[in-house]
Structures are given as C-alpha cells and as structure tokens.
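Chains, contacts and geometry: an overview
The primary structure of each chain is shown beneath.
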Amino acid sequence: MDFEIPAKFEPLRQMIDWIGETYLRPLGIEADRQGGALDPAHPFFKEALKKGLTGGFVGKIRDTERVDDGRPRFGARRAVVLAERAAYWDRGMATSLPGPGLGAPPLMLMGNEDQKKRFLGMFKQKETPRWGAFAMSEPGAGSDVAGIRTRARPDGDHWVIDGEKCFISNGARASWVVVWATVDPSLGRGGHRAFIVEKGTPGFSVARVEHKMGLRASETAGLVFDGCRVPAENLLTPPEKSGGFKGAMKTFDMVRPLVAAMAVGMARACYDEAARFAESHFTGPSAWRLERVGDRLAEMRRKIEMSRLLAWRAAWLTDHRKPNSAEASMAKATCAGVGLRAATLGLDILGEAGGGGDYLIEKLFRDVKALDIVEGTGQIQRLIIARRLIGYAGDHQRAQGRDHHGR
Ligand SMILES: Cc1cc2nc3c(=O)[nH]c(=O)nc-3n(C[C@H](O)[C@H](O)[C@H](O)COP(=O)(O)OP(=O)(O)OC[C@H]3O[C@@H](n4cnc5c(N)ncnc54)[C@H](O)[C@@H]3O)c2cc1C
C-alpha cells in the first residue's frame, strides 16, 4: 500500500497550512464566540475561492470516479491529507468553505451529465461563494436512514416533496440541496430517491439554524418541504431504478475516511496545544510530571499515528476502486474516538486552566464530539463492521426493507 502523495500537491498542502493559520483558526474562534457561523457574505469566503479552496474537500475525490484509464488515482488520498490539515486549524471552518461539499458525491455517483454540468458547473465560477448540501437526517431518522419519512410523489413533469430535514450542514446558505425522500415508506430503502432542490423553490424553506455546543463555525439547519414542486429533471436516480439508498451508502463510504482524517487533525491540534502548555508550565523532571504529562502525550501521539493509517487505508481503497465500507467505518469509528480521547487527555494536562475557555483545548473538546455523530455514529460504525466481519448484511432488516446507516 503506497501512501505517497505526488509532490505536485505539496504547494496546496502548504497553502492550507497558511490559510489555516491565518484565517481558519482565528475565524473559527470568532464564530465560536459569536455562537454561530460567519455570514455567507464574509470576505473570507471570496478570498478562499480565489485561492482555490473548496468545501469539504469532497470534490477532490472526483478524479477517482472518472473513467478508468489505468493511471494511478490520488484524489481520495489527497483529500484525506488536506482534510486532516484543514481540520487541524478549524474543523467548523473547513466544512464551511464554499463548494458543493457533501452534495457532490451523490451528484457524481448518480447524476447524469446534464445534472453535473448544471449543479457542479456553477462552482467553477470563482467570484461568488456558493454552497451545496446533503439532506438525509430527519427528526425521527438519523441513524436509521432507511426510515426516512419525507415523501416524494410524481405529479406530471414534477415531483412534489413533503417532509422535514434536520442538522443539515450549510443547509441555509446552499444554492441547492440533495434531498433524500421516499416514494413509499413501506418499500424501505428500495423506495429512496434523491432530488436536487434549488434555493428559492416554492415550498422549500429554512425552519431554523441550530445552536450547537461545538463546531459553531459550521452552519447546521433544519429544512422544511411543504408541497415543494421539483422539476423531474432534478431527480438524481432514474425512477425505474431503486439506486437511491445505494447512492447514499456509497456517499458515506467516500466521506467517512474524510471525517476520520478530520478527527486525526483535531487530535493533532489537541496534542500540540497540550504539549505547548506542558513545555511552558512544567519544568524540571519529576515522576509526577512524567505521569501527568509524558504518559498522556505519548498515548495521544501513539493513537494519532495509528488512526491516521486507518483513514489513509480507507482512502487508498477508494483510489484503487476497491470496496471500502468496512475500512471506512473502522477509520471513522477509531479516529473519532481518538479525537475525543485526545481532547480529554489534553484537558487533563491543562488541568483547571483548560476548562476556563482561555485555551483552544476547551473548544476542541466541544468541537470533536460531533465527529463521533456525523456520517453515522460510533455505534453505527461498529454495527457495520460487525456485520461485515460475520458476513451478515442485515438480512432480516433487508427483508423488511429496513437498515441502519450501513447496509
Ligand atoms: C454537526 C452535525 C452536522 C450534520 N450534518 C448533516 C448533514 O449535512 N446532512 C445530514 O443528513 N445529516 C447531518 N447530521 C445528522 C447526523 O447524520 C445524525 O445526527 C446522525 O446520523 C445520528 O442521528 P441522530 O442524531 O438522529 O441520533 P439517533 O439515530 O437518534 O441515535 C441516538 C443514539 O442512539 C444510538 N443508536 C441508534 N441506533 C442504534 C443501534 N441500532 N444500535 C446501537 N446504537 C444505536 C446512536 O449511536 C446515538 O448514540 C449532522 C449532525 C451534526 C451533529
């Protein structure tokens, strides 16, 4: 397995570090203090576009999906490396960068050429910041995505969508949202379809922007669809096929290694913060110092190195067009756990100073929990891994047309 990223990506890596230090970290702190995401008109977003930075880095996987011409692919590996770096500086800001974000994978996987041109083409224009979003979760269907209740029914040359979505990243600012709905809940996942719903479509509204304990730089919105009429050409899955659920699951396989890498980046930020604090506050060798600091720093470092390899392996498999569901889940479950552990150990090292809000570690502690929730919680990843290991793909759920965030 070769994790080497071509040298031509090095300038991009360096630029992310520069942007991260100059903008992502300070703006992430600003958003945290103000309690919500920066306004979409904030000059930073234009600046990011000019520098070629786009949302979530998911789009960078695109070259992996193109026709197999035998040439080596690096899109997924490049994306995990960049995601780790950006999240090191600020994960909330990293997912707020303009671009199609999580909306890109379903479009790439299920969209026809015209849809890709219409909805991804707009992001080539570097003047106006734009966002895309991915709306699966509902108040009663988070982990159990097969249980979504948002309905879609055909009506002439349109589809009519009714339902509610919650916790949708960049949902209020998005130019369009990939909305998952069912044509018949009794069909379970077989009834799923994905639609592109454009901002301003009558019947589509933003119910609220959520207040969160962490990742405040990343806007998270509740969306409502009330008799929302969407042109038939905005349906991503052809009606005669039931590929909607599969498309969603493939999206998760693509995105989970990125979330994993982001957790590694945040764990690294915890490590650096704790090591910096220890260096400036604890001097002179003592058993107490070693136990409180050295042992914890060593554990953090060990787990960071270990978990990064899992994220890279899942991405390597994508680049080589090999199935990676179990590996993506292993990476996601492990890395998010390592992020949480690193934040806890970091807080331990800082002691009471860490809890006061004057140090980054407190924000990292609040931010990193979300990585154990998004794209399928830790429990759900463990379910997916277990099913893969014992060759059980949820047969009884399949019989009922139901399944969780896995297959
Ligand atoms: C910051 C943030 C951004 C998000 N962005 C998006 C987005 O852009 N688009 C989108 O569609 N969604 C998004 N989400 C929603 C996210 O995908 C869901 O929160 C997640 O899937 C969990 O669903 P839930 O919150 O409804 O929890 P539930 O599914 O209600 O789960 C509650 C608890 O029960 C556990 N649990 C559930 N089922 C099982 C089981 N079978 N076995 C064992 N344990 C179980 C879970 O692990 C969890 O601990 C976002 C969430 C957050 C926090």
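Check the entry above for the structure.
Because the structure is a prediction, the values reported are computed rather than measured.

Among the seven residues in strand β4 (residues 176-182), seven count as buried, and that is most of the element. Of the two faces of β4, the one lined by W176, V178, W180 and T182 and the one lined by V177, V179 and A181 are each fully buried. Here four bridges tie strand β1 (residues 132-135) to β4, and the two strands are oriented parallel to one another. Within the sheet, the bridge partner assigned to G132 lies in β4 and is W176. The sheet contact formed by β4 and strand β5 (residues 192-198) spans seven bridges and is antiparallel. Counted as the bridge partner of A181 is R193 from β5.

The next subject is helix α1 (residues 10-34). End to end, α1 covers 34 Å across 25 residues, agreeing with the expected 36 Å (1.5 Å per residue, within 8%). Taken as a whole, α1 carries its principal kink of about 50° at G20. Listing the buried residues of α1 in full gives L12, R13, I16, I19, G20, L24, R25, L27, G28, A31 and D32. Immediately beyond the C-terminal end of α1, within one or two residues, lies G35, with a positive phi of roughly 85°.

At F167, a position not held by glycine, the phi torsion is positive, near 55°. As for its position among the elements, F167 is in strand β3 (residues 158-169). At E375, a residue that is not glycine, the phi angle is positive and equals roughly 55°.

So, on to the site of the ligand. Taken together, 18 residues are adjacent to the ligand, and S137, S143, F167, T377 and Q379 come closest. One nitrogen or oxygen atom from the main chain of F134 is found 2.8 Å from a nitrogen atom belonging to the ligand. A total of 980 Å² of accessible area belongs to the ligand in isolation, and the protein chains cover 68% of it. Taking a 2 Å distance to the grid points as the criterion, the majority of the atoms of the ligand fall inside the largest pocket. Those elements that provide at least two residues to the shell around the ligand are β1, β3 and α11 (378-389). In terms of residue class, the shell around the ligand is made up of ten nonpolar, eight polar and no charged.

Their axes nearest at 9 Å, the elements helix α9 (residues 325-350) and helix α10 (residues 360-368) cross at an angle of 155°. With respect to each other, α9 and α10 are oriented roughly antiparallel. Pair α9 / α10 crosses with left-handed handedness. Listed contacts from α10 to G339, L340, A343, T344, G346, L347 and L350 of α9 are I361, F365 and V368.

Glancing now at the pattern of salt bridges. Note on pairing: side chains with opposite charge can pair once their charged atoms come close. Considering all chains together, one arrives at 26 salt bridges under this definition. For D319, the salt bridge goes to R77, with nearest N and O atoms at 2.7 Å. A residue pair is termed long-range when its members are at least 10 positions apart, and D319 in helix α8 (residues 287-319) and R77 in helix α4 (residues 75-94) qualify at 242 residues. Each member of the pair D319 and R77 is classed as buried. We note a salt bridge from E305 to R308, for which the minimum N-O separation is 3.2 Å. In this pair, E305 and R308 both sit in helix α8, three residues apart, roughly one turn of the helix. Residue classification places R308 among the buried positions, given a relative accessible area of 14%. Through salt bridges that share partners, E84, R268, R301, E305 and R308 make up one connected network.

The rules we used
Residues numbered from 1 in each chain as written. Predicted model: local features only at pLDDT ≥ 70, side-chain atom pairs only at ≥ 80, totals over all residues. Heavy atoms only, no water. Buried < 20%, exposed > 50% of the residue type's maximum accessible area, 1.4 Å probe, protein only. Helix = DSSP H or I, 4+ residues; strand = E, 2+ residues; numbered from the N terminus. Pairing = 2+ DSSP bridges. Expected span 1.5 Å × (residues − 1). Bend = angle between axes of the 7 residues up to and from the residue. Near = heavy atom within 4 Å. Polar contact = N/O pair within 3.5 Å; in protein donor to acceptor, adjacent residues only side chain to side chain. Areas by Shrake-Rupley, 256 points an atom, 1.4 Å probe, with all protein chains shown as cover. 1 Å grid on protein atoms, 1.4 Å probe; cavity = no way out; pocket = protein on both sides within 12 Å on 5 of 7 lines; lining within 4 Å. Sits in = over half its atoms within 2 Å of the grid points. Nonpolar A, V, L, I, M, F, W, Y, C, P; charged D, E, K, R; others polar. Axes fitted to C-alpha atoms, helices over the stretch in contact; angles between N-to-C directions. Parallel < 35°, antiparallel > 145°, perpendicular 65-115°, else oblique. Left-handed = near helix turned anticlockwise from the far one by under 90°. Contact = heavy atoms within 4.5 Å. Salt bridge = Lys/Arg side-chain N within 4 Å of Asp/Glu carboxyl O.

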